[in-house]
Amino acid sequence: MSIKQYLADHILFLDGGMGTLLQANGLQAGELPETWNISHPGVVVDIHRAYFDAGSHVVNTNTFGANILKFSENVLENIVSAAVENAKIARNNSCGSQEKFIALDIGPTGRMFAPLGDLDFEDAVRIFKKTISVGVRCGVDLIFIETMSDSYETKAALLAAKETCDLPVFVSNAYGEDGKLMTGASPAAMVAMLEGMGADAIGVNCSLGPKALSGIVAEYLHYASVPVLVKPNAGLPKIVDKKTVYDLTEEEFAQDVAKMLSDGARIAGGCCGTTPAYIAALCTAAPKKPTEIVPKDHVLISSYTHAVLFGERPILIGERINPTGKKRFKEALRDGDRDYILGEGIAQQEKGVDVLDVNVGLPEIDEAAVLCDTVCALQVIIDLPLQIDTTDAAAMERALRRYNGKAMINSVNGKRESMDTVFPLAKKYGGVIVALTLDEDGIPETAEGRFLIAEKILREAALYGIDKKDIIFDPLALTVSADNRAGKETLRAISMIRERLKCHTSLGVSNVSFGLPRREIVNTAFFTLAMGAGLSAAIMNPYSEEMMGAYHAFCALHGMDDNCMDYIAYAQTLGERATTVSPTVSVRGGASSENTSSDLQRAIVKGLQDQAAQLTEKLLDGQTEALHIVQNEIIPALNIVGVGFEKKTMYLPQLLMSAEAAKAAFDTIKSKIAKDRTADKCAFVIATVHGDIHDIGKNIVKLLLENYGFDVTDLGKDVPAEEIVATVKRLHAPLCGLSALMTTTVPAMEQTIKLLREQAPYCKVVVGGAVLTQEYADAIGADKYAKDAMETVRYAEEIDRLL
């Protein structure tokens, strides 16, 4: 029986922690757990067999960190082959009578993706493919991607699995206490992307105990139509008698996880701190029969932070990133003026659109390259979902492949060639497809004709395995100046598709007024009528006060705006524009009560590197002193973003892009005044501890500290304690930051702190990482536990002021 067949009617039990048990068997600080597949195969086999004996249906191979960033290709092949063989031996020797499966365990690379870091998306896909291809050749039953804290890396790993094999793929993400991934994604956003790409089961693991994960699991269950998995830690870690222990007993853990299974989760196991005893208790406490998995009809698209749900209110799609009829935009495309294009996106976001349409189609440019670059640039500074708008199949695929979320795809139509081109791309990469109601015979004049084309498109989509919830129909607004019945037929088509097919609709509203004077009058009236007919989304001009006013009034009048708060806020902005001489630009999302008070601050807050450099140069040319720019422009802008990050209204990519824009401003100052910018705050030594190659968090902290003026010495990753201490002593650094991602490397952090206390007692030690808590940090002797990068900066500023 295959695992998918078994899962259809049964609860599936996973294994528990591997690192916890390897440490108990003698794994030393800094030792790579994957090497034990070869050096201590008996220990690994015994651990796997214990989980099978406890009732696990699935054990994960000991390959969490096995990739070509850590091992050569030959060594990687040997390690993965040995890992799979160890799991097979355990399965054969187990006394358990249940169905048993072996999953190839795939963990994160520990690197940040470009442009926020140095790892290219396609390089990451190749890295994952190397490991997966070995595991598939060795005969694993499924691929298990776990502990991913970045949606983009999650996509790269899933894409690698799908392009390497046809085995089932389970995907599990690690969430923080705020219910988001490290890079900002909500559970709904991950459901949208992963279901769209065809993951066979999705869910959560690590970071937190079962009670803390319950809200996240509930959100998965609300939106997901595929099995949901949960693999929590055994509560929170602490040090007892110099050993790491967790605060939940086997029975407490089992009862909490069993509740999630009763609520609808289908797959369960344990992560850090759990043992075979925890899994045995879970198997006993779990319900005997699974809760039925009910397909959901939610229509979702997503960005790297959040999902947009169709149906609750009309969705606004900004139309301005499009060269049609826009001379300045065409010039920007030809000249490669990316900041102008990004500025159009930011401006529409500030006007309140939900989605950005992205169209860069010009005959004289390489559309595939420019569209991909534009999508990649937009998605790191703007958190809105994108609608990828092109008729070029190559351009569409490149952009969809690199998009960090579930995009809208604009568009397909009823022509055979169009459907055969677009549907395979949508099936592979996921997306909500805008379907135009036209075919080889053109656009039908009547609503009935367009309805028939919509039915044909749905039938064909089903043959590709695309659900009708992922099709949004555009019944096409034709100009009323050419046919006075055109508007009425489009409105009828909207109603027919909505009522009879139960599908959503979208419309390019402004087409209706082509050739008429004062087009906004017609557009606004038609937009209002279309919303009344059930229009789900509109591609429109958010700079139009008439259109935006009609939208907010419609929502208020139709009970879609609680207490008319959105309408009131919009009306107030109109009043402010009428009375304010020099308006400031608010940071979207309420990141701070402050507003950006200058163009340079705005460029830094929005992460516009080129613009920040140009504005800084302009200020210097105007005789503004460099120190004034730093103190009154750059640092206040960074503080706005920092406060937003601390309040969870801005997310990691925005924080890092703002830091890069600030760096561009600093670099301009440095070049113009012909001397290096020197750090004006104390020395800070930073490193990822011995045995740990994950340096994402460390690199984020380094970038922010440097922007705040600290003299940072970055020793890199997998750094022995002796090297860290020697550097602190050489620099007489008053601050040292230590990072660790894995439970197996926390002992190395404790050893480093102990050595610092002996040889450099003046140095304050800050620790951070996914496995750490305040109690854990206290137990290993750290001076400060920082839950994120900005907390490290704030603490460093406190210490610097005391020096």
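Rules behind the numbers
- Here, residues in each chain are numbered from 1, in the same order as that chain's written sequence.
- Reporting of local features is limited, given that this is a predicted model, to residues whose pLDDT is at least 70; pairs of side-chain atoms are given and counted only at 80 or more, and all residues count toward the totals for whole chains, interfaces and linings.
- Computation of side-chain values covers all heavy atoms of the structure but excludes hydrogens and water.
- A run of H or I in DSSP becomes a helix once it reaches four residues, and a run of E becomes a strand once it reaches two; helices and strands are each numbered from the N terminus.
- In this treatment the radius of gyration is a C-alpha quantity, and the globule benchmark scales as 2.2 Å times the residue count to the 0.38 power.
- Accessibility here uses a 1.4 Å probe with only protein chains present; expressed as a share of the type maximum, an area under 20% marks a residue as buried, one over 50% as exposed, and anything in between as partly exposed.
- Any two residues whose heavy atoms approach within 4.5 Å at even a single point are treated as in contact.
- Working definition of accessibility: Shrake-Rupley area with a 1.4 Å probe, residue cover restricted to the visible protein chains.
- Charge convention: Lys and Arg are scored as positive, Asp and Glu as negative, and His as well as the terminal groups of each chain are ignored.
- Here the site of a charge means atom NZ of a Lys, CZ of an Arg, CG of an Asp or CD of a Glu.
- Definition of nonpolar core: a set of buried residues of the types Ala, Val, Leu, Ile, Met, Phe, Trp, Tyr and Cys, connected through side-chain atoms within 4.5 Å.
- The length a helix should cover is 1.5 Å for every residue beyond the first.
- Residues enter patches when they are more than 30% accessible in relative terms and free of salt bridges; like-charged ones are connected within 9 Å and nonpolar ones (Val, Leu, Ile, Met, Phe, Trp, Tyr) within 5 Å.
- Counted as salt bridges are all cases of a side-chain nitrogen of Lys or Arg within 4 Å of a carboxyl oxygen of Asp or Glu.
- Here an angle of 0 to 180 degrees is reported between the N-to-C directions of two axes, which are lines fitted to C-alpha atoms, with helices fitted over the stretch in contact.
- By definition in this entry, angles of less than 35 degrees are roughly parallel, angles greater than 145 are roughly antiparallel, angles of 65 to 115 are roughly perpendicular, and the rest are oblique.
- Here the nonpolar group is Ala, Val, Leu, Ile, Met, Phe, Trp, Tyr, Cys and Pro; Asp, Glu, Lys and Arg are the charged ones; every other residue, Gly included, is treated as polar.
- For any pair of crossing helices, the crossing counts as left-handed if the nearer helix is rotated counterclockwise from the farther one by less than a right angle, and right-handed if it is rotated clockwise.
- Contacts described as polar in this section are N or O atom pairs within 3.5 Å, which, within protein, must combine one atom able to donate a hydrogen with one able to accept it, while residues neighboring in sequence count only if both atoms come from side chains.
- Two strands qualify as a pair provided DSSP detects at least 2 bridges between them.
- Confidence of the prediction at every residue is given by pLDDT, a number between 0 and 100.
- Note on ring pairs: Phe, Tyr and Trp rings are taken, using the six-membered ring of Trp, and paired if centres are within 6.5 Å. Classes follow the plane angle, with under 30 degrees stacked, over 60 edge-to-face and the rest tilted.

(A) Quick look at the overall build of the protein chain. Scanning the protein chain from N- to C-terminus turns up 30 helices and 27 strands. Computed over the C-alpha atoms, the radius of gyration of the protein chain is 28 Å, within 12% of the 28 Å expected from 2.2 N^0.38 for a compact globule of 803 residues. Based on the C-alpha atoms only, the size of the protein chain along its principal axes is roughly 80 × 75 × 50 Å. Looking at the 803 residues of the protein chain, the share that counts as buried comes to 59%. Across the protein chain, contacts joining residues at least 24 apart in sequence account for 75% of those joining residues at least 6 apart. For the protein chain, the accessible surface area stands at approximately 31100 Å², while carbon and sulfur atoms represent 50% of it. The average position of the 79 basic charges and that of the 105 acidic charges among the side chains of the protein chain differ by 1 Å.

(B) Summary view of the nonpolar core. Of all hydrophobic cores here, the largest spans 225 residues; its most connected members are Ile143, Phe473 and Ile634. Broken down by element, the residue count for this core peaks at ten residues, all from helix α25 (residues 652-672). Counting residues in each nonpolar core, the second largest holds 31 residues, with Val685, Ala733, Val746 and Ala777 among its members.

(C) Quick peek at α25. Spanning 21 residues, α25 covers 30 Å between terminal C-alpha atoms, matching the ideal 30 Å at 1.5 Å per step. Summarising burial for α25: 15 of the 21 residues are buried, a large majority.

(D) Seen up close, a nonpolar patch on the surface. Residues Met565, Tyr567 and Ile568 make up a contiguous nonpolar surface patch of roughly 280 Å² in combined accessible area. Along the chain, Ile568 turns up in helix α21 (residues 565-579).

(E) Expanded view of the packing of helix α22 (residues 599-606) against α25. Following both chains from N to C, one finds α22 and α25 inclined at 135°, their axes separated by 6 Å at the closest point. With respect to their mutual orientation, α22 and α25 come out oblique. Side by side, α22 and α25 meet where Ala603, Ile604 and Val605 of the first sit next to Ser658, Ala661 and Ala662 of the second. Here the contact of α22 with α25 is composed, by residue class, of five nonpolar, one polar and no charged.

(F) Up close: the pattern of salt bridges. Following the criterion strictly, the structure yields 40 salt bridges and no others. Arg402 serves as the salt-bridge partner of Asp120, at 3.1 Å between the closest nitrogen and oxygen. Taken together, the residues Asp120 in the loop between β3 (101-106) and α6 (121-137) and Arg402 in helix α15 (residues 393-402) connect sequence positions 282 residues apart. A residue is classified by how much of its surface remains accessible, and Asp120, at 27% relative accessible area, is partly exposed. Judged by relative accessible area, Arg402 falls into the buried class, the value being 17%. Here Asp667 makes a salt bridge to Lys663, at a shortest N to O gap of 3.2 Å. Here Asp667 and its partner Lys663 are both found in helix α25, four residues apart, which amounts to about one turn of the helix. Residue Asp667 is classed as partly exposed on the basis of its relative accessible area of 31%. For Lys663, a relative accessible area of 36% corresponds to the partly exposed category.

(G) Local environment of the packing of helix α4 (residues 41-54) against helix α5 (residues 73-93). The interhelical angle for the contact between α4 and α5, taken along N-to-C directions, is 45°, at an axis separation of 8 Å. Considered as vectors, α4 and α5 are oriented oblique to each other. In the packing of α4 onto α5, the handedness of the crossing is right-handed. Residues Pro41, Val44, Val45, His48, Arg49 and Phe52 of α4 form the contact with α5, whose participating residues are Asn86, Ala87, Ile89, Ala90, Arg91 and Asn93. For the contact of α4 with α5, the residue count by class is seven nonpolar, three polar and two charged.

(H) How the structure looks around a negative patch on the surface. A surface patch of negative charge is lined by Asp247, Glu251, Glu252, Glu775 and Asp778. Listed by contribution, the elements that provide at least two residues to the negative patch are α10 (250-263) and α29 (774-779). Tracing the backbone through its elements, the reader meets Asp247 in the loop between β9 (243-246) and α10.

(I) Structural context of the side chain of Thr773. Turning to its location among the elements, Thr773 is positioned in the loop between β26 (764-768) and α29. A polar contact is formed between the side chain of Thr773 and the backbone nitrogen of Tyr776, at a distance of 3.1 Å. Dropping the residues within four chain positions of it, Thr773 is found in contact with Leu236, Pro237 and Tyr785.

(J) Structural detail: the sheet that holds strand β25 (residues 735-739). The strand order across the open sheet built from five strands is β24-β23-β25-β26-β27, with neighbouring strands paired in parallel fashion. If you trace the sheet from one side to the other, it starts and ends with β24 (711-714) and β27 (784-785), each paired once. Here five bridges tie strand β23 (residues 683-688) to β25, and the two strands are oriented parallel to one another. In the sheet register, Thr688 faces β25, and the bridge partner there is Ser739. Where helix α27 (residues 721-731) meets the sheet, its contacts fall on β23, β24 and β25, and the angle it forms with β23 comes to roughly 175°.

(K) Molecular detail of the sheet that holds strand β6 (residues 201-205). Pairing is parallel in the open sheet, where eight strands are placed in the order β1-β10-β7-β6-β5-β4-β3-β2. Strands with a single pairing partner mark the edges of an open sheet, and in this sheet they are β1 (12-13) and β2 (58-60). Alignment of β1 against strand β10 (residues 267-268), held across two bridges, turns out to be parallel. Directly across from Phe13, in β10, lies its bridge partner Ala268.

(L) Representation of helix α16 (residues 416-429) within the structure. Over its 14 residues, α16 runs 20 Å from end to end, which matches the ideal 20 Å to within 8%, given 1.5 Å per residue. Residues of α16 that are buried: Ser418, Met419, Val422, Phe423, Leu425, Ala426 and Tyr429. Of the residues flanking the end of α16, it is Gly430, one or two places downstream, whose phi is positive at about 80°.

(M) Region of the structure containing the confidence of the model for the protein chain. Averaged over every residue, the pLDDT of the protein chain is 93; residues scoring 70 or more account for 96%. This model gives residues 578-593 a pLDDT under 50, and the stretch forms 28 contacts once residues within four places in sequence are excluded.

(N) Spatial organisation of unusual backbone geometry. For the bond running from Ala114 to Pro115, omega is 5°, close enough to zero to count as cis. Geometrically, the link from Asn410 to Ser411 is a cis peptide bond, its omega value of 20° lying close to zero. With respect to the element layout, Ser411 can be found in strand β16 (residues 408-413). In this structure, Thr147 takes a positive phi of about 60° despite not being glycine.

(O) Just the packing of aromatic side chains, in detail. Under the criterion given, the structure shown has nine aromatic pairs. Between the aromatic rings of Phe423 and Tyr464, the centroid separation amounts to 5.6 Å while the plane-to-plane angle is 55°, which identifies the pairing as tilted. In this pair, Phe423 is assigned in helix α16 and Tyr464 in the loop between α17 (447-463) and β18 (471-474), connecting sequence segments 41 residues apart. Exposure remark for Tyr464: the relative accessible area of 25% places this residue in the partly exposed category.

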